[in-house]
Amino acid sequence: MCGIIGIVSDKGNLKDRVIEGLKRLEYRGYDSAGIALRTEEGLLIRKKKGKVSQLEEELRNLRISSRAAVGHTRWATHGEPNDPNSHPHTDCRGEITLVHNGIIENYLELKEDLRRKGHRFRSQTDSEVVAHLLEEELKEGGSFMEALGRVVRRLEGSFALVVLNSREDALYIARQDSPLVVGLGDGENFVASDIPAFLSWTNRVVFIENGEMGKLTLSSVEIYDFQGRKRDKKPQIINWSLAQAEKGGYKHFMLKEIHEQAKAISDTVGPRIERDSNSVVMEDLPLSPRKIKDILILACGTSYHAGLVGKFYFEELAGIKTDVDYASEFRYRKPVLSPSTLVIAISQSGETADTIGALRKARSLGGKVLAVCNVVGSSITREADAVLYTHAGPEISVASTKAFTTQLSLLYLLAVYLGREVGKIERKEEARLVSGILSLPSRIERMLREEKERIREIGVDISAYTDALYLGRHLNYPIALEGALKLKEISYIHAEGYPAGEMKHGPIALIDENLPTVFIATESKVLDKVRSNMEEIKSRRGKIISLLSGEHPEIEELSDAVIKVPEVDEYLFPIINIIPLQLIAYYAADFLGHDVDQPRNLAKSVTVE
Ligand code: M6R
């Protein structure tokens, strides 16, 4: 995964600017960090196990003049996180250095070959071979760019590379299956894994495609394909603001992003509603609604849970049969698709390797792919047949929150639209469903105002347990899965999500006073059944925390703690119900003193298999 940045500039202190950029990329990995600066005396490289702040501390007193620099924050794949394995890596003579995101799959055979030619390796990483390959290719003559072209044509796997050499104030870049975006400044240029890294300096960007490489200097950006043919690239203006990529007074990005959900939902839904009639306006889909016979949703993690809710929406609101598959499983199966299957790939980042792999497989089988994505210009949006963007703004915290609720909102609108187009939903019903989602943001804000303190107490309480169970039925079963995922990924408390009705088929054996159960018990056609499941827990001395809407004294009676959720239409409860569960996880993790935004072993974009 990893975050990489390169800056070529004669303004400001490059060391500090690279560190600033790396901090904005740290969500991509935080096992180690490193920096290389070109100076008149040669390349100066510093790298260190640990977070960017540790590197920053070590370099605090370093005063150095430089006009070209690269930086890296690592999520270890090959080689444990230690100083030698940290990036940047160099060739034998220390004249070429580079940062890499991705995996060079044929690095062992390349390394063996280079060893035979006398190269000495200092790390166990796959990345270091690229520096030595460049050293070797430069002996063959030609320009640095030509040597880079010969190197990248030999690499198998995925890579985003930024290369610096001791002779020029220039950065060389290349991309295959790992993200890379160039920022165009005024007399300075940037390149990074993601836009927030340089957003404080420019919002004019050029997305680098697979199979492209290039050269950045103070005043120019040239992009070529791997054969050396020049590419004409159009810059785009990104309308994310820097404030969106900062904490804005909140203790953590996750807490800020939880609070941004009302606005993110409005921003996602608003532009797709015709206000006079409360009808849904949708962008072009890869298949016209009446041609869609079935839907297949592919995604990972939280986005997969959004897909599970989407299945209810598409089947119940539009009457279209829907399957949901983990992208990592789908890509290695022999799936059956028909030309009338609409494939929906859901991804916040648009860079998840498994989802990209599944999308490619679906397309190779003739499927038409619609991406639901939050990041403009990301790989998934470029490879899909059509895109629906969520407008959540940058999501920095590793634990996904506002991306999830905007994905749900968009899937809901899409289902309403398809339902109308195929004649399952009448105009009046469409207007009712639309007005429901339009009123959701104000209800979310009310709930946050009224219930936050109670939720905080529950989060602190849960932090004392080693395990927790999340139960829900029907539309809220995926919310139980997502609530449990949130708790385990940031608090490290073991949590299971289960359909409440399945509990009696096994998990009930776990119940005693040491296992708290979070019940999603908001209004629904299966609420009576959920209440019976609560009785089963209570009679085994289990502790119950309930999410409740409306007046249900008998449920309150059964519960040790209650969170009140405002009443909304049944289909909208998943979108509001997840928010208290995100906050429970947040407060538990924060109380335990964990690094909420950067939980151990995780990274925001999982760009490896
Ligand atoms: O960017 P994507 O939506 O494709 O990411 C998918 C998962 O990696 C992601 O949702 C992950 O599960 C989050 N850490 C959950 O909070």
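As a reminder, the structure under discussion sits directly above these lines.
In this report, the structure presented in the accompanying data block is examined.

How each quantity is defined
Residues numbered from 1 in each chain as written. Predicted model: local features only at pLDDT ≥ 70, side-chain atom pairs only at ≥ 80, totals over all residues. Heavy atoms only, no water. Pairing = 2+ DSSP bridges. Helix = DSSP H or I, 4+ residues; strand = E, 2+ residues; numbered from the N terminus. Axes fitted to C-alpha atoms, helices over the stretch in contact; angles between N-to-C directions. Salt bridge = Lys/Arg side-chain N within 4 Å of Asp/Glu carboxyl O. Buried < 20%, exposed > 50% of the residue type's maximum accessible area, 1.4 Å probe, protein only. Right-handed = clockwise from strand over helix to strand, strands pointing away. Contact = heavy atoms within 4.5 Å. Phe/Tyr/Trp six-rings, centres within 6.5 Å; stacked < 30°, edge-to-face > 60°. Lys NZ or Arg CZ within 6 Å of the ring centre and 35° of its normal. Near = heavy atom within 4 Å. Polar contact = N/O pair within 3.5 Å; in protein donor to acceptor, adjacent residues only side chain to side chain. Areas by Shrake-Rupley, 256 points an atom, 1.4 Å probe, with all protein chains shown as cover. Nonpolar A, V, L, I, M, F, W, Y, C, P; charged D, E, K, R; others polar.

### Focus on the sheet that holds strand β21 (residues 368-373)
Phase 1: Read across the sheet, 5 strands follow the order β19-β18-β20-β21-β22 without closing on themselves; strand pairing throughout is parallel. One side of each edge strand has no neighbouring strand; the edge strands of this open sheet are β19 (321-326) and β22 (386-389). In this sheet, neighbouring strand axes are inclined to one another by 20 degrees on average, regardless of whether the strands run parallel or antiparallel.
Phase 2: Both strand β18 (residues 294-299) and β19 contribute to a ladder of 6 bridges, which runs parallel. In the sheet register, Leu296 faces β19, and the bridge partner there is Asp323.

### Brief notes about the pattern of salt bridges
Side chains that differ in sign of charge can pair as their charged atoms come close.
Phase 1: Under the defined criterion, the tally for this structure stands at 55 salt bridges.
Phase 2: For Glu212, the salt bridge identified is with Lys233, shortest N-O distance 2.8 Å. Of the two residues, Glu212 is situated in strand β12 (residues 212-216) and Lys233 in the loop between β14 (230-231) and β15 (236-237); the sequence distance between them amounts to 21 residues. You'll find Glu212 and Lys233 in the same group, each marked buried.
Phase 3: We note a salt bridge from Glu450 to Arg446, for which the minimum N-O separation is 3.9 Å. Remark: Arg446 and Glu450 occur in helix α14 (residues 440-462); sequence separation between them is 4 residues, near one turn of the helix.

### A word on the pairing of strand β23 (residues 467-472)
Phase 1: With 5 of 6 residues buried, β23 is to be regarded as a mostly interior element.
Phase 2: Pairing analysis gives 6 bridges linking β23 to strand β24 (residues 494-499), with the strands arranged parallel. Each bridged residue has a counterpart across the sheet, and for Tyr470 the counterpart in β24 is Gly497.
Phase 3: As for the winding sense of the linkage, the β-α-β connection from β23 through helix α15 (residues 477-491) to β24 is right-handed.

### Describing the environment of Asp83
Phase 1: With respect to the element layout, Asp83 can be found in the loop between β4 (68-74) and β5 (89-90).
Phase 2: By relative accessible area, which is 37% here, Asp83 ends up partly exposed.
Phase 3: Along the primary structure Asp83 and Lys48 are separated by 35 residues, whereas in three dimensions their C-alpha atoms are 4.8 Å apart.
Phase 4: Not counting the four nearest positions on each side in its chain, Asp83 is found in contact with Lys47, Lys48 and Lys49.

### Concerning helix α4 (residues 128-138)
Phase 1: Extensive coverage of α4 is indicated by the burial of 10 of its 11 residues.
Phase 2: By the burial criterion, the buried members of α4 are Glu128, Val129, Val130, Ala131, His132, Leu133, Leu134, Glu135, Glu136 and Glu137.
Phase 3: The inward-facing, buried residues of α4 abut β5, β6 (96-104), α3 (107-116), α5 (144-152) and β7 (157-165).

### Digging into the packing of aromatic side chains
Phase 1: The full count for this structure, using the stated rule, is 8 aromatic pairs.
Phase 2: Judged by centre distance (3.7 Å) and plane angle (15 degrees), the rings of Tyr304 and Tyr326 are stacked. Placement of Tyr304 in helix α8 (residues 301-317) and of Tyr326 in strand β19 is noted, with a sequence separation of 22 residues between them.
Phase 3: Given a relative accessible area of 37%, Tyr326 falls into the partly exposed group.
Phase 4: Among the aromatic residues, those joined into a ring-pair cluster are Phe190, Phe198 and Trp201.
Phase 5: Seen from the ring of Phe121, Lys111 lies directly overhead, with NZ or CZ sitting 5.1 Å from the centre.
Phase 6: Here the basic side chain of Arg600 rests over the ring of Tyr492, its NZ or CZ set 3.9 Å away from the ring centre.

### Some thoughts on the site of the ligand
Phase 1: Around the ligand lies a shell of 14 residues, among which Ser303, Ser347, Ser349, Thr352 and Glu489 are the nearest.
Phase 2: Thr302 is positioned with one of its backbone polar atoms (N or O) 3.1 Å from an oxygen atom of the ligand.
Phase 3: One nitrogen or oxygen atom from the side chain of Lys486 is found 3.0 Å from an oxygen atom belonging to the ligand.
Phase 4: Protein contacts shield 91% of the accessible area of the ligand, which totals 410 Å² for the unbound molecule.
Phase 5: Listed by contribution, the elements that provide at least two residues to the shell around the ligand are α8 and α15.
Phase 6: Ranked by residue count, the leading element in the shell around the ligand is α8, at 3 residues.
Phase 7: Residue composition of the shell around the ligand, by class: 4 nonpolar, 8 polar and 2 charged.

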